Amino acid sequence: LGIPVSGTHSHAFVQSYGGLDDLPDDTKVGDVDIKEAALHWRRVLGYDDHRVHDGELAAFVAYALAFPRGFVALVDTYSTLETGLKNFVCVALALADAGFQALGVRIDSGDLAYLSRQARLLFDTLAADHQAPCLKAVKIVASNDINESVLLSLKEQNHAVDVFGIGTHLVTCQAQPALGCVYKLVEIDNRPCIKLSNDIHKTTIPGAKTPFRLVSRD
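Throughout what follows, the structure given in this document is the object of discussion. In this text the structure is predicted, and so the values were computed from the model without any measurement. (Residues numbered from 1 in each chain as written. Predicted model: local features only at pLDDT ≥ 70, side-chain atom pairs only at ≥ 80, totals over all residues. Heavy atoms only, no water.)

Taken as a whole, the largest pocket encloses approximately 150 Å³ of empty space. Looking at the largest pocket, the residues that line it are Ser6, Gly7, Thr8, Val72, Leu103, Gly104, Arg106, Lys139, Val141 and Val163. Among the elements of the structure, β4 (104-107) and β5 (139-142) are those that each provide at least two residues to the lining of the largest pocket. Residue classes in the lining of the largest pocket are distributed as four nonpolar, four polar and two charged. (1 Å grid on protein atoms, 1.4 Å probe; cavity = no way out; pocket = protein on both sides within 12 Å on 5 of 7 lines; lining within 4 Å. Points joined across faces, edges and corners; volume = space filled by probe spheres on them. Helix = DSSP H or I, 4+ residues; strand = E, 2+ residues; numbered from the N terminus. Nonpolar A, V, L, I, M, F, W, Y, C, P; charged D, E, K, R; others polar.)

Printed below as a string of structure tokens:
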């Protein structure tokens, strides 16, 4: 249908990487070694500590190698603020070194409004401090059983989300998961019938109906 495919990976994908040794020997995109560039940026940004998960970094590098033009990282497998966003930034900057724009991050748990604001603050700050416009362009995606109530709540909390991933509640409405239907007679033997009720919406319109669909103004 000509619709470009976009998406991200699973938590299981991140968990499947125990460390940087799980990466293949060749981690180059073009002339840039994404793994080495990401480690370089991790040192520059001061993220070289035990709290930043090496396995998560490896997973992000692997995903960037497979989809350098469609890199959207799921950042809440372990800790969004302590490790997820930090690892994402390192790989996003490494991709920029190779001439590619990271598309975004997905947050799938926690306080979505707060985490989205913190993510945007981090991206904007690093973009200014390191002349990295690629981070200004990064989108923040929120998911996790989002429905209309969550959307309203996030709006009231001044979220910084750019994209909402709505799945479960797009398929079925949580508030009314079944289509309510009732059976009433409106005509029998060419004689109209009516059902009366104190509830006006339960009163039927008598007589047989001819259903039709309006396709367009014509």
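What follows covers the environment of Ser79. By secondary structure assignment, the location of Ser79 is in the loop between β3 (72-74) and α4 (80-97). The exposure class of Ser79 is partly exposed, given its relative accessible area of 25%. For the pair formed by Ser79 and Asp49, sequence separation is 30 residues and the distance between their alpha carbons is 14 Å. (Buried < 20%, exposed > 50% of the residue type's maximum accessible area, 1.4 Å probe, protein only.)

This part covers a nonpolar patch on the surface. Taken together, Ile166, Leu170 and Val171 make up a surface patch of nonpolar side chains, about 330 Å² in accessible area. Summarising the element assignment, Leu170 is placed in helix α8 (residues 168-171). Given a relative accessible area of 67%, Leu170 falls into the exposed group. (Patch = residues over 30% accessible without salt bridge, like charges linked within 9 Å, V, L, I, M, F, W, Y side chains within 5 Å. Areas by Shrake-Rupley, 256 points an atom, 1.4 Å probe, with all protein chains shown as cover. Salt bridge = Lys/Arg side-chain N within 4 Å of Asp/Glu carboxyl O.)

So, about the pattern of salt bridges. For the structure on display, the rule yields six salt bridges. Between Asp48 and Arg42 there is a salt bridge whose closest N-O contact spans 3.0 Å. For Asp48, a relative accessible area of 46% puts it in the partly exposed group. Relative accessible area serves as the criterion here: at 8%, Arg42 is assigned to the buried category. Taking the shortest distance from any N to any O, the salt bridge between Lys136 and Asp124 comes out at 3.6 Å. Here Asp124 lies in helix α5 (residues 112-129) and Lys136 lies in helix α6 (residues 133-136), a separation of twelve residues in the sequence. According to the relative accessible area criterion, Asp124 is partly exposed, its value standing at 27%. The network of salt bridges with common partners includes Arg42, Asp48 and Asp54.

Here we come to the packing of helix α3 (residues 54-66) against α4. It is at 9 Å that the axes of α3 and α4 come closest, and there the two elements cross at 35°. Both α3 and α4 take part in a crossing whose hand is right-handed. Across the interface between the two elements, Glu56, Leu57, Phe60, Val61 and Ala64 from α3 touch Thr83, Gly84, Asn87, Phe88, Val91 and Leu95 from α4. Here the residues of the contact of α3 with α4 are counted per class, giving seven nonpolar, three polar and one charged. (Axes fitted to C-alpha atoms, helices over the stretch in contact; angles between N-to-C directions. Left-handed = near helix turned anticlockwise from the far one by under 90°. Contact = heavy atoms within 4.5 Å.)

Once that is clear, we can look at α5. If you check α5, its first and last C-alpha atoms are 25 Å apart, about what 18 residues at 1.5 Å a residue would give, namely 26 Å. Within α5, the full set of buried residues consists of Leu112, Ala113, Leu115, Ser116, Ala119, Arg120, Phe123, Leu126 and Ala127. Summarising the contacts, the buried residues of α5 are in contact with α4, β4, α6, β5 and α7 (148-156). (Expected span 1.5 Å × (residues − 1).)

Here we come to the packing of aromatic side chains. Under the counting rule described, the total for this entry stands at seven aromatic pairs. Judged by centre distance (6.3 Å) and plane angle (45°), the rings of Tyr63 and Phe71 are tilted. With respect to class, Tyr63 is no different from Phe71; both count as buried. Three or more aromatic residues joined by ring pairs make a cluster, and in this case those are Phe13, Tyr17, Phe60, Tyr63, Phe67, Phe71, Phe88 and Phe123. (Phe/Tyr/Trp six-rings, centres within 6.5 Å; stacked < 30°, edge-to-face > 60°.)

A rise of 1.5 Å per residue sets the reference length of α3, with its 13 residues, at 18 Å; its end C-alpha atoms lie 19 Å apart and thus fit the reference within 8%. Taken across its 13 residues, α3 has ten buried, putting it largely inside the fold. Listed as buried for α3 are Gly55, Glu56, Leu57, Ala58, Ala59, Phe60, Val61, Ala62, Tyr63 and Ala64. Against the buried residues of α3 lie α1 (11-15), α2 (34-44), β3 and α4.

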